[in-house]
Amino acid sequence: MQTLRMALKSIGSNKLRALLTMLGIIIGVMALVILVSLVKGATGSVTDSISDLGSNMLTVTVSDNKGNPVGLDDLVTWMADPKIGEAACYSKESMTAKYSGTSETADVYGISPYYDKIQALNLLLGRFIKSSDVTNHTYVCVINETMATELIGYTDCIGQEISLGGVKFTVVGIIEDSDTSLTRAFSKDSYVAYIPYTSLVRMSDSLTLEVTSFYISAPENGSMTEAEDRMTQILMARFEDDDDAFSVSKQDALESTMSSVTSALTILLGGIAAISLIVGGIGIMNIMLVTVTERTREIGIRKAIGARKRYIMRQFLLEAVVLCMMGCAIGIALSWVTLKVIGIVVSSLSISFNMDITVILIAVGFCFLIGVIFGLYPANKAANMKPIDALHYGG
Amino acid sequence: MGKMIELRNVCKNYSIGKEVIHALDHASLVINEGEFVSIIGPSGSGKSTLMNIIGCLDIADEGDYILDGIPIEDYTEDELADIRNEKIGFVFQNFNLISKLTAEENVELPLIYHKIKRGERDKRVEEALKRVGLEQRATHYPTELSGGQQQRVAIARALATKPSLILADEPTGNLDSQTTIEIMELFRDLHKQGNTIVLITHDNNVAMQAERSINILDGRLTEVAR
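Residues numbered from 1 in each chain as written. Chains lettered and ligands numbered in written order. Predicted model: local features only at pLDDT ≥ 70, side-chain atom pairs only at ≥ 80, totals over all residues.

Asker: Mind showing me how you'd approach the overall build of chain B here?
Answerer: Of regular secondary structure, chain B possesses seven helices and 10 strands. At a minimum sequence separation of 6, the contacts of chain B that also span at least 24 residues come to 73%. (Helix = DSSP H or I, 4+ residues; strand = E, 2+ residues; numbered from the N terminus. Contact = placed C-beta atoms within 7 Å.)

Asker: Just to check I follow, could you spell out the interface of chain B and chain A for this structure?
Answerer: How big an interface is tends to be stated in terms of accessible area lost as the parts join. Chain B puts 19 residues into the contact, and the matching count from chain A is 16 residues. Taken together, the elements giving at least two residues each to the side of chain B that touches chain A come down to α2 (77-87) and α3 (103-113) of chain B. Considering only residue class, the side of chain B that touches chain A consists of eight nonpolar, four polar and seven charged. (Nonpolar A, V, L, I, M, F, W, Y, C, P; charged D, E, K, R; others polar.)

Asker: What am I meant to see in the packing of helix α4 (residues 118-131) of chain B against helix α5 (residues 147-160) of chain B here?
Answerer: A pair of packed helices is captured by two measures, namely the crossing angle of their axes and the spacing between those axes. All names here are of chain B. Between α4 and α5, the least distance of the axes is 8 Å, while the angle of their chain directions is 135°. Taken together, the axes of α4 and α5 are oblique relative to one another. By crossing handedness, the relation of α4 to α5 is classed as right-handed. Contacts between α4 and α5 pair Arg-124, Val-125, Ala-128, Leu-129 and Arg-131 from the former with Ala-156, Leu-159 and Ala-160 from the latter. Among the residues making up the contact of α4 with α5, the classes are represented as six nonpolar, no polar and two charged. (Axes fitted to C-alpha atoms, helices over the stretch in contact; angles between N-to-C directions. Parallel < 35°, antiparallel > 145°, perpendicular 65-115°, else oblique. Left-handed = near helix turned anticlockwise from the far one by under 90°.)

Asker: Looking at this structure, how should I read the environment of B:Gly89?
Answerer: Residue and element names in this part refer to chain B. Tracing the chain through its elements places Gly-89 in strand β6 (residues 88-91). Gly-89 sits 69 residues away from Ala-158 along the chain, and the two C-alpha atoms are 3.8 Å apart. Dropping the residues within four chain positions of it, Gly-89 is found in contact with Ala-158, Leu-159, Thr-161, Pro-163, Ile-166 and Leu-167.

Asker: Help me out: how do you make sense of the packing of helix α1 (residues 2-12) of chain A against helix α12 (residues 309-345) of chain A in this one?
Answerer: Residue and element names in this part refer to chain A. Remark: α1 packs on α12, axes separated minimally by 9 Å, with the N-to-C direction vectors making an angle of 60°. Between α1 and α12, the interaxial angle falls into the category oblique. As α1 packs across α12, the resulting crossing turns out to be right-handed. Taken together, the residues of α12 that come into contact with α1 (itself represented by Thr-3, Leu-4, Met-6, Ala-7, Leu-8, Ser-10 and Ile-11) are Arg-314, Gln-315, Leu-318, Glu-319, Val-322 and Leu-323. Across the contact of α1 with α12, the residue classes break down as eight nonpolar, three polar and two charged.

Asker: It is not clear to me how the nonpolar core should be interpreted in this structure. Could you clarify?
Answerer: One recurring pattern in soluble globular proteins: nonpolar side chains tend to sit buried together. In this structure, A:Val29, A:Val33, A:Ala320, B:Ala156 and B:Val198 are the most contacted members of the largest nonpolar core, which totals 120 residues. Sequence-distant contacts of B:Val198, defined by excluding residues within four places in its chain, comprise B:Ile31, B:Val37, B:Ile39, B:Ile54, B:Leu165 and B:Leu167. Judged by nonpolar contacts, the second largest core, of 56 residues, contains A:Val70, A:Ala106, A:Leu151 and A:Ala227. (Core = buried A, V, L, I, M, F, W, Y, C linked by C-beta atoms within 7 Å. Buried ≥ 20, exposed ≤ 12 C-beta atoms within 10 Å, placed from the backbone.)

Asker: Hey, could you run me through the pairing of strand β2 (residues 87-99) of chain A in this one?
Answerer: Strand residues, when the strand is regular, have side chains that alternate between the two faces of the sheet. Residue and element names in this part refer to chain A. Where β2 meets strand β9 (residues 213-217), three bridges bridge the pair, whose relative direction is antiparallel. Bridging across to β9, Ala-88 finds its partner in Tyr-215. Of the strand pairs in this sheet, β2 and strand β3 (residues 102-111) are connected by 10 bridges, and their pairing is antiparallel. Each residue of the ladder has a partner; that of Ser-94, found in β3, is Asp-107. Between the antiparallel neighbours β2 and β3 lie two residues, among them Ser-100 with a positive phi of about 35°. (Pairing = 2+ DSSP bridges.)

Asker: Looking at this structure, I do not really get the confidence of the model for chain A. What am I missing?
Answerer: On average, residues of chain A score 83 in pLDDT, and 91% of them reach the 70 mark or higher. Taken element by element, the predicted model of chain A shows its lowest mean pLDDT in helix α7 (residues 182-185) of chain A (52) and its highest in helix α13 (residues 357-383) of chain A (92). (pLDDT = per-residue confidence, 0-100.)

Asker: Explain the sheet that holds strand β1 (residues 3-16) of chain B here, please?
Answerer: Consider a sheet: its strands pair through backbone hydrogen bonds, and that pairing is either parallel or antiparallel. Residue and element names in this part refer to chain B. Ordered in space as β2-β1-β4-β5, the four strands form an open sheet in which the pairing is antiparallel. Each edge of the open sheet carries a strand with a single partner, namely β2 (19-32) and β5 (70-71). Sheet topology note: the β1/β2 ladder contains 10 bridges and is antiparallel. From the neighbouring strand, Glu-6 faces β2, where its bridge partner is Val-30.

Asker: Help me understand unusual backbone geometry in this model?
Answerer: Residue and element names in this part refer to chain A. Despite not being glycine, Ser-100 shows a phi value in the positive range, around 35°. You can see Ser-100 is positioned in the loop between β2 and β3. Although it is not a glycine, Tyr-114 adopts a positive phi angle of roughly 75°. As for its placement among the helices and strands, Tyr-114 is situated in the loop between β3 and α4 (115-118). Residue Tyr-114 is classed as buried on the basis of its 22 C-beta neighbours within 10 Å.

Asker: Would you mind showing me how to read α3(B) here?
Answerer: With 11 of 11 residues buried, α3(B) lies mostly within the body of the structure. Among the residues of α3(B), B:Ala103, B:Glu104, B:Glu105, B:Asn106, B:Val107, B:Glu108, B:Leu109, B:Pro110, B:Leu111, B:Ile112 and B:Tyr113 are the ones counted as buried. On its buried side, α3(B) packs onto α1 and α12 of chain A together with α2, α4 and α5 of chain B. Two residues or fewer past α3(B), B:Lys115 is found with a positive phi of approximately 60°.

Asker: Hey, could you run me through the sheet that holds strand β9 (residues 212-217) of chain B in this one?
Answerer: Residues and elements named next belong to chain B. Judged by pairing direction, the sheet is mixed, and its six strands sit side by side in the order β6-β7-β8-β3-β9-β10 without closing on themselves. Two strands close off the open sheet at either side, each with one partner strand: β6 and β10 (220-223). Neighbour to neighbour, the strand axes of the sheet diverge by 20° on average, direction disregarded. For β9 and β10, the ladder comprises four bridges, and the chain directions are antiparallel. Bridge pairing in β10 places Ile-214 opposite Glu-223.

Asker: How should the environment of A:Met147 be read in this particular structure?
Answerer: All names here are of chain A. Here Met-147 lies in helix α6 (residues 145-152). You can call Met-147 buried: it has 26 C-beta atoms within 10 Å. Distance in space between the C-alpha atoms of Met-147 and Val-192 is 6.7 Å, their sequence separation being 45 residues. With residues up to four places along the chain from it excluded, the contact list for Met-147 reads Ala-106, Tyr-191, Val-192 and Ala-193.

Asker: Can you help me understand α4(B) in this one?
Answerer: Count 3.6 residues to each turn of an α-helix, and residues three or four apart come out pointing the same way. Residue and element names in this part refer to chain B. Between the first and last C-alpha of α4 there are 20 Å, a value that for 14 residues agrees with the 20 Å anticipated at 1.5 Å per step. Within the span of α4, buried status applies to Arg-124, Val-125, Ala-128 and Leu-129. Buried residues of α4 fall within an arc of 130° about the axis and therefore sit on the same side. Among the exposed residues of α4, those oriented more than 90 degrees off its buried face are Gly-119, Glu-120 and Lys-123. (Expected span 1.5 Å × (residues − 1). Arc of directions from axis to C-beta.)

Here's what the structure looks like:
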């Protein structure tokens, strides 16, 4: 307590210097809090709209099959489970689609039946890929509206033959373009063709019949959580209780990409801000060293009248930490104001820029650490002064 | 009456380059409890070294130093700090008050280091300031006080811990003659009240006001005959 009062007093005795020293920390904290809050606010609103699009399915990926690969028949078995709705595997490749001289690049999905149900695809004409198509690896395809109109020229093109990756496919169905489904919301203007999974396996060099990623849905009126739990249970039993061998996630691939992008962005920006905080810390160390030299005499007096090393150490360390924490508090307050102002300026965007409590905690923790780390050396220097030398310093 | 200070053949050498300076050369000295002793010598005579050793700011190279029954040997810096805090009240030529602290805070400082509780601390600070006649100036900063007043605050600070020994190093060196008389009066009062005082000075007039004077020259001590 006594030490704290002295630290405050000594900081207060040179306000301008204290403020200038703190400036580094203030700017660092502001950079950290504002940048991270902005990224979080912006991505928060994007992720919200993404998860609105596809939250009724689970993505399962198998990374290590432990010699027990998942096959198409396994999906059928699992679908019989009362807690699991549909299951469908998928694999995507980019291929050249050709129709009488017109040639375009299309996303070709090798899928198993029920994919349309899980993805909530709406059939405009014809039929979707059936079990028999997959079993017999027939060369049939279902294409989207855009592809039909752009490549073939008209929508009602059932029975037409198109070439995908050099193999002839008969169009058996047309999928309606819509932006309510997640995947197609981002591929609305692209050409999409669905073919039997087995047919894609035949055309691909790398793909095998082993299923490494698939979607499952919850049964009608069933819960996603229960489906997730059941799927995890089944896979744990299959893969020797190794939860690293597979992942079951509610997030769609896109959403997880999105979140990994934002976390990378957060780390990047946070890192830059952290660098400025470290620079601020060096400023604190610099000033503390000056302070120690200036107050050599005082240290000598304190030691002469009986201050132990530890006490001197604590006094200077506390001063550095207090300086840092004051800078941190001012920085947080200013960031709050700045975020409010930004919020008002971009209020039309319906993005909320709120201060994130975790960022504040990180900032406070980081500032404390910087205070300690950069205060330690000057404090130690002060504590280790010889009382006689210190007393006679500068007269 | 017990011995407060006993120096036996104390040596302290400094080397400047290749030359070795014998700052103290087999110095022996006994000061009893309740004595008022002045140590007199010109600059460069080893006065400061003697003061540092008596004040436990430094350790002798050779010989023994016993302060109030405690042999001062190779203690750690922290142990020496505790001994200084408990046994010695320093009064310096240039007062050595901390300018950022008020008079009472300066006096309080050694008590904080001594881990004395707040209530007791306040009482002792008040007592000490009263004794030097500065109770009205408790909340003043050193810069708001005259030289004499600052030295009184320093004396109050030395008294606050109720030390065994008051060690004054040229306490009147920065003061005018009138103030010197006042401060010396204060020292004599303190002596009458039973304090042991060692006063180091180069001024004969000041030294003569002590009961006993010891001369120091080239690191050797001799009793001044009166």
